[in-house]
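Listed below are the residues making up each chain.
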Amino acid sequence: MNIEKYREAMARLPKGVRSAEIYFGGSRSFTAALRAGELERYAVSEKGALSLRADCGKIGYSYTEDPGDDPYRLLEQAKNNAAIIDDPDEQVIFPGAKEYPAPPDVDPSLSAATAKEKLDILYALEKAALEADGRIDRLGWCQLATGESETKIVNSLGLDLSQRSGYALAYVSPVATINGVTKEGAGYRIVPTLGEIDVAAIAQEAAEDLFSQFGAITPASGVYGAVFRKEAISALLSVFADMFSAEEAQKGRSLLAGKEGEVIASPVIDIIDDPMMESALIRRSFDDEGVPAQRTGVVEQGVLKTLLHNLKTAKIAECETTGNAGKASVAASVGVAPCNFHIVPGENTLEELLKKLRNGVLIVEVTGLHAGCNPVSGAFSAMARGFMIKDGKRAEPIEQITVSGNFLDLLKNVTALGNDLKFDLGSMNVAAPSALVSAVTVAGK
């Protein structure tokens, strides 16, 4: 996209357009996957798109993927769309702020890496995974992917911002059959640069995950004390993150509407949204309205302090935005989205949490969450796997169980937190450490 011609158009708006803004999103991606030693998937793409908002009393939108499109055609289209908008709520085009945190950038080595260098890592991962344990029969998948993205926001009020991000993902899933039972494990890393991919560590992690599943039992149904490993509790937090959106609350779709100042979780729970968090996979210096990134304490010692706001929801609530404007895609309208939304970690290792639990279950994975969760009511029911915990140590692996309850009740039942917070594959924007929970319903046999 020739952003310069859009900058020029922002300086000479047509009659009837009070202010306007463009939002550009571009991306580059690489994906390669091996199956049975053969390169089964290979894809490289580069794409960009641009949306335009025009304030004509109401905000109208237009969109293009054509690099040669005429900015004035988009302005007229947005103007026409604004004329038929029925929404009584007023959106805002932000004029900009005096200061912004320094925008993160893509690691230069990620951008410079050749396809051959990436494939060399992929084949090395395949070799390491097959050699990690002699009982491994084959690999389900062996995959390497990289991605880079760029966002630009320019408007007629003087705002002119850009930021970039990037990641590398390596994933492998070994398969083995023992006594007629077949299992599949998984190991992966998602990191800012290719140099941080340790193929030996990924292969070992995958093998351990695979062979830990053999000999699994299905425990009796009941209410158990539990430790949810970080991957499992992060998955739940990700599904229910919309509960903390002011947009959802104002539409009557959140249990937390009007609950600011009330206890909604255990006193050990602090939840923070921090777009510039250094340990996160993705960082941003501004949101999708151009508001500077800021650290927001959402829950403090179990008390809900604020919901997440964009400019529109903040105006309705007569408060300040938290800088959480988000677009699901370049073509989408502005909504509310978290950025590095996380439960603050505690001081316990996973082993220390298991000792505190003493007897119960360790939940390492939950699946089927989108089908089994109701973000409005907070109810969840998900298939899970993990381990029995006896005398503070792992015992038999467990499978074919369902864990269920209400997410807010789960937060109230947390008694201790782990020190293992990590933004990971499930959701790069939402994370939680392992958590000791006093009671959760388990359906088994």
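Residues numbered from 1 in each chain as written. Predicted model: local features only at pLDDT ≥ 70, side-chain atom pairs only at ≥ 80, totals over all residues. Heavy atoms only, no water.

Q: Report on the sheet that holds strand β11 (residues 303-304), specifying residues and quantitative values.
A: The strand order β11-β10-β9-β14-β19 describes an open sheet built from 5 strands, whose pairing is mixed. Strand pairing shows two members of the sheet lacking a second neighbour, β11 and β19 (430-431), which therefore form its edges. (Pairing = 2+ DSSP bridges. Helix = DSSP H or I, 4+ residues; strand = E, 2+ residues; numbered from the N terminus.)

Q: Explain the pattern of salt bridges to me, using residue names and the numbers behind them.
A: Here the structure, examined in full by the defined rule, presents 24 salt bridges. Where Lys-230 meets Glu-231, a salt bridge forms, and the shortest distance between an N and an O atom there is 3.5 Å. Arg-358 is paired through a salt bridge with Asp-391; the nearest N and O atoms lie 3.3 Å apart. Within this pair, whereas Arg-358 is found in the loop between α9 (350-357) and β15 (360-367), its partner Asp-391 is found in the loop between β16 (379-390) and β17 (393-406), the two being separated by 33 residues in sequence. Salt bridges linked by common partners bring Arg-28, Asp-105, Glu-148 and Arg-164 together as one network. (Salt bridge = Lys/Arg side-chain N within 4 Å of Asp/Glu carboxyl O.)

Q: Describe in detail the packing of aromatic side chains, supporting the description with residues and values.
A: Following the criterion strictly, the structure yields 4 aromatic pairs and no others. Ring geometry for Phe-240 versus Phe-407: centroids 4.9 Å apart, planes at 10°, classification stacked. Of the two residues, Phe-240 sits in the loop between α6 (230-239) and α7 (246-250) while Phe-407 sits in helix α11 (residues 407-412), which places them 167 residues apart along the sequence. Comparing Phe-240 with Phe-407 shows no difference in burial state: the two are buried. Centre to centre, the rings of Phe-244 and Phe-341 are 5.3 Å apart; their planes meet at 55°, and the pair counts as tilted. In this pair, Phe-244 sits in the loop between α6 and α7 while Phe-341 sits in strand β14 (residues 341-343), placing the two residues 97 residues apart along the sequence. Under the relative-accessibility criterion, Phe-244 is labelled buried at 0%. Owing to a relative accessible area of 0%, Phe-341 belongs among the buried residues under this scheme. The residue whose ring lies beneath Arg-35 is Trp-141, and the NZ or CZ to ring-centre distance is 4.0 Å. (Phe/Tyr/Trp six-rings, centres within 6.5 Å; stacked < 30°, edge-to-face > 60°. Buried < 20%, exposed > 50% of the residue type's maximum accessible area, 1.4 Å probe, protein only. Lys NZ or Arg CZ within 6 Å of the ring centre and 35° of its normal.)

Q: Break down the packing of helix α4 (residues 115-131) against helix α5 (residues 199-211) for me, citing the residues and quoting the values.
A: Between α4 and α5, the shortest axis-to-axis distance is 8 Å and the interhelical angle comes to 40°. When the axis of α4 is compared with that of α5, the two are oblique. Between α4 and α5 the crossing geometry is right-handed. Contacts between α4 and α5 pair Ile-121, Ala-124, Leu-125, Ala-128 and Ala-129 from the former with Val-199, Ile-202 and Ala-203 from the latter. Here the contact of α4 with α5 is built from residues that sort into 8 nonpolar, no polar and no charged. (Axes fitted to C-alpha atoms, helices over the stretch in contact; angles between N-to-C directions. Parallel < 35°, antiparallel > 145°, perpendicular 65-115°, else oblique. Left-handed = near helix turned anticlockwise from the far one by under 90°. Contact = heavy atoms within 4.5 Å. Nonpolar A, V, L, I, M, F, W, Y, C, P; charged D, E, K, R; others polar.)

Q: Please provide a residue-by-residue account of the nonpolar core, values included.
A: Phe-228, Leu-236, Phe-244, Phe-341, Ile-363 and Leu-410 are the most contacted members of the largest nonpolar core, which totals 51 residues. It is α6 that contributes the most residues to this core, 5 residues altogether. Once residues lying within four places of it in the same chain are set aside, the contact partners of Phe-341 are Leu-237, Ala-241, Phe-244, Ile-271, Ile-272, Asp-273, Val-298, Leu-308, Phe-423, Asn-429, Val-430 and Ala-431. Among the nonpolar cores identified, the runner-up in size contains 22 residues, and Leu-119, Leu-122, Leu-139 and Val-191 belong to it. (Core = buried A, V, L, I, M, F, W, Y, C linked by side-chain atoms within 4.5 Å.)

Q: Describe the state of the cysteines, listing the residues and the values that go with them.
A: This model, assessed by the stated rule, comprises 0 disulfides. Of all cysteine sulfurs, the one in Cys-319 lies closest to Cys-339, which takes part in no disulfide; the gap is 19 Å. Note on Cys-339: relative accessible area 2%, which makes it buried. (Disulfide = S-S within 2.5 Å.)

Q: Describe helix α1 (residues 3-11), naming the residues involved and giving the relevant values.
A: Every α-helix carries 3.6 residues per turn, so stepping three or four residues along brings you back to the same face. Of the residues making up α1, those classed as buried are Ile-3, Tyr-6, Ala-9 and Met-10. The arc that holds the buried residues of α1, viewed along the axis, is 115°, so those residues lie on one side. On its buried face, α1 sits against β1 (19-35), β2 (38-55), β3 (59-64), α2 (71-83) and β4 (138-155). Regarding α1, its N-cap is Asn-2, as a side-chain oxygen of that residue lies 3.1 Å from the backbone nitrogen of Glu-4 further along. (Arc of directions from axis to C-beta. Polar contact = N/O pair within 3.5 Å; in protein donor to acceptor, adjacent residues only side chain to side chain.)

Q: Let's hear about a nonpolar patch on the surface: which residues, and what values?
A: A cluster of nonpolar side chains, namely Leu-39, Tyr-42, Val-44 and Tyr-123, defines an oily patch on the protein surface of about 380 Å² accessible area. Mapped onto the secondary structure, Leu-39 falls in strand β2. (Patch = residues over 30% accessible without salt bridge, like charges linked within 9 Å, V, L, I, M, F, W, Y side chains within 5 Å. Areas by Shrake-Rupley, 256 points an atom, 1.4 Å probe, with all protein chains shown as cover.)

Q: Tell me what's going on with the side chain of Asp-274, and back it up with residues and numbers.
A: On the secondary structure map, Asp-274 appears in the loop between β9 (271-273) and β10 (296-300). Of the residues examined, Asp-274 reaches a relative accessible area of 15% and is grouped as buried. With sequence-adjacent residues up to four places away left out, Asp-274 is seen in contact with Arg-295, Cys-339, Asn-340 and His-342.

Q: Break down unusual backbone geometry for me, with residues and values.
A: Despite not being glycine, Ala-36 shows a phi value in the positive range, around 55°. Note that Ala-36 resides in the loop between β1 and β2. Residue classification places Ala-36 among the exposed positions, given a relative accessible area of 74%. Of note, Asn-340 is a non-glycine position whose phi angle comes to about 60°, a positive value. Here Asn-340 is to be found in the loop between β13 (335-336) and β14. Residue Asn-340 is classed as buried on the basis of its relative accessible area of 0%.

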